[in-house]
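Given next are the chains, with one letter for each unit.
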Amino acid sequence: MKILIVDDEREEREGISFLIRKFEYPLDIVYAVNGEEALHIVETQKIDILFTDIEVPVMNGLELAKKVCNTYPGIKIIIFSAYGEFGYVKQALQANAVSYLLKPIEVEEFKQLMTAVIGSVCEVEKKEQLEKEEEKQNRKNLLYKVFTHGRIKPEEEMKVGQVLFSKENSVFRLMNMEFVNNFFEEYEAMFLKLVKMYLGKSVDYLELYPNEAYLLIRNAEMMAGDKLECQAEKLVRDIKLKTNDESVTLISVPIGTVEEMRIQLKKINTIKSENFGYEDQIILTEDYCDETSHFESDAEAARKQVLLAIESMDTELIEKQNEQFVKFIRSVKKISKLYTSNLLYSVIKAVYDKNPKIEFEDSLVVAEALFLEKDPKRMFEEYQRILDRMLSTLKNQRQDSSRIVQQIKNLIEKEYMKDISLNYIAESVNLAPAYVSYIFKKETGQTLVKYITDIKMMKAKKLLEEGTLKIVQVGQACGYENQSYFNRLFKNYYGVTPKQFREKA
């Protein structure tokens, strides 16, 4: 805190300063020798306490106190004087002074007064801080609803615009990052440090789920050109080096209105629903025009999408990705026949490697003839015939997705108290992680991580309502060893902390 002592007599200023230091009050001291100088200091610095004599030059202490009271009502005013007439006391009270001290100052009276005033300032600051924190959390909860497509009340619509576009740099770009694992639960601090390094300080961060977050980037440098994409590549590269976790990053165009934001959010979610796999992809919404546009603009990237689908062993997905793959290859005018043969053969070989059945061996032999085919049309027809036959065999052996998803749900319901990961679930049902993630979202319409989080939060709410466990035990019982993380996740989810929820229950 800062106290301004106003007195034209040096001995008086030093005497008050001596008492402040003697009793070790947490105050920085500023001096003024007249009322006009003091008013200038109040206007240019943050002053918490004004300690002024009445008889000071240029502008007396009472006039100074009245002006300060009218303009800066939060400043605590103490008036001291050698005069004790009632008229002075009355004027001091009218100036909203918290006390009127007579010279010479009594030490005990001074101590009592300063303790009370400092305590009052602390209370006000504490209240203001709590109000700021509450407003910050309310804003965060509102944005959480916006980005998770929650229901926005009519009275909240205007607030969304105020929260997003009231800053100096009101235009921003959205960056959505989704990881394979619960990345933010363990690496949030490291992530925010890297974000600051590569994307600058003008970034708002909103965690949606333990594996997904949005960044609102307001840095003017990142609004145009490929600067943001280049920095995002560095961010993803460092994350991969430090954690070995894979991600998919979606970047919007610059956004300046609520309506533009809604359009970009819709586009981001469309891309997410159609994109398969992670592989540290970075996708720009402005480049996304149709089902193939989010693939990398080269043949190898298109092939990789098919290979990812083959890893999942989902025949419908393989067919869909293969259709895009063939469409892309055939659209490229300048591509060698040998290169095309290699691409097509590698897909057939990948299906065989994933499921090396005896009946597939003859398909592999037939596929080698693709290298000898001179007619591009016949090459693609033969390739499609071979792949269709192999996929037809796989369809007859495919496990029932609904049964698998129900098995996964039962596992989560039974073991929600553990730190459940995608790899753990995949091992439990004896399937590839990518396939587990894909079929769960396909069957339920939501990601596996969100479903796990929903179950854990519902269990936490029930345990808090029962009231038999301490809050820290509730977090541990739901698989969260990090108590602060559990508190924050619960507040994001329900709008109140576990403690506040229990007190209201």
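What counts as what
- Residues numbered from 1 in each chain as written.
- Predicted model: local features only at pLDDT ≥ 70, side-chain atom pairs only at ≥ 80, totals over all residues.
- Heavy atoms only, no water.
- Helix = DSSP H or I, 4+ residues; strand = E, 2+ residues; numbered from the N terminus.
- Areas by Shrake-Rupley, 256 points an atom, 1.4 Å probe, with all protein chains shown as cover.
- Phe/Tyr/Trp six-rings, centres within 6.5 Å; stacked < 30°, edge-to-face > 60°.
- Expected span 1.5 Å × (residues − 1).
- Bend = angle between axes of the 7 residues up to and from the residue.
- Buried < 20%, exposed > 50% of the residue type's maximum accessible area, 1.4 Å probe, protein only.
- Contact = heavy atoms within 4.5 Å.
- Salt bridge = Lys/Arg side-chain N within 4 Å of Asp/Glu carboxyl O.
- Arc of directions from axis to C-beta.
- Pairing = 2+ DSSP bridges.
- Axes fitted to C-alpha atoms, helices over the stretch in contact; angles between N-to-C directions.

*Asks:* Give a description of the overall build of the protein that names residues and reports values.
*Replies:* When its secondary structure is counted, the protein shows 21 helices and 10 strands. Looking at the protein as shown, the accessible area adds up to about 26000 Å², and 50% of this sits on carbon and sulfur atoms.

*Asks:* A description of the packing of aromatic side chains should follow, citing residues and the corresponding values.
*Replies:* Applying the stated criterion across every chain, the model contains 21 aromatic pairs. Centre to centre, the rings of phenylalanine 183 and tyrosine 187 are 5.5 Å apart; their planes meet at 35°, and the pair counts as tilted. Here phenylalanine 183 and its partner tyrosine 187 are both found in helix H7 (residues 183-199), four residues apart, which amounts to about one turn of the helix. Linked through ring pairs, Tyr480, Tyr485, Phe486, Phe490, Tyr493, Tyr494 and Phe501 together constitute an aromatic cluster.

*Asks:* An account of H7 is requested, with residue identities and associated values reported.
*Replies:* With 17 residues, H7 extends just 19 Å between its outermost C-alpha atoms, more than 12% less than the 24 Å of an ideal straight helix rising 1.5 Å per residue. Its axis deflected by about 55° at alanine 189, H7 carries its strongest bend there. Within H7, the full set of buried residues consists of Phe183, Phe184, Glu185, Glu188, Phe191, Leu194, Val195, Tyr198 and Leu199. Buried residues along H7 sit in contact with strand S6 (173-179), strand S7 (203-209), strand S8 (212-217), helix H8 (227-243) and helix H20 (483-494).

*Asks:* An account of the pattern of salt bridges is needed here, citing residue identities and associated values.
*Replies:* Tallying each qualifying case throughout the model produces 17 salt bridges. A salt bridge links aspartate 280 to lysine 240; the nearest nitrogen and oxygen atoms lie 3.2 Å apart. Placement of aspartate 280 in the loop between helix H9 (258-274) and strand S10 (281-284) and of lysine 240 in helix H8 is noted, with a sequence separation of 40 residues between them. Here lysine 240 falls in the partly exposed class, since its relative accessible area comes to 27%. Via salt bridges that share partners, Lys46, Asp48 and Glu125 belong to a single interconnected network.

*Asks:* Describe helix H16 (residues 422-429), and please don't skip the residues or the numbers.
*Replies:* Buried within H16 are the following residues: Leu422, Ile425, Ala426 and Val429. For H16, the angular spread of buried residues about the axis comes to 100°, placing them on one side. Looking at the buried residues of H16, the elements they touch are helix H15 (401-415), helix H17 (433-444) and helix H18 (448-466). Asparagine 430, located one to two residues past H16, shows a positive phi value of around 60°.

*Asks:* Help me get a handle on the sheet that holds S10, residues and values and all.
*Replies:* Reading across from one edge, S7-S8-S6-S9-S10 is the order of the five strands in this open sheet, with mixed pairing throughout. Edge strands, defined here as strands with exactly one partner in the open sheet, are S7 and S10. Sheet twist, expressed as the mean angle between neighbouring strand axes with direction ignored, is 15°. Sheet topology note: the S6/strand S9 (residues 247-251) ladder contains five bridges and is antiparallel. Across the sheet, methionine 175 pairs through a bridge with isoleucine 251, a residue of S9. Across the sheet, H8 touches S6, S8, S9 and S10, and the angle it forms with S6 is around 20°.

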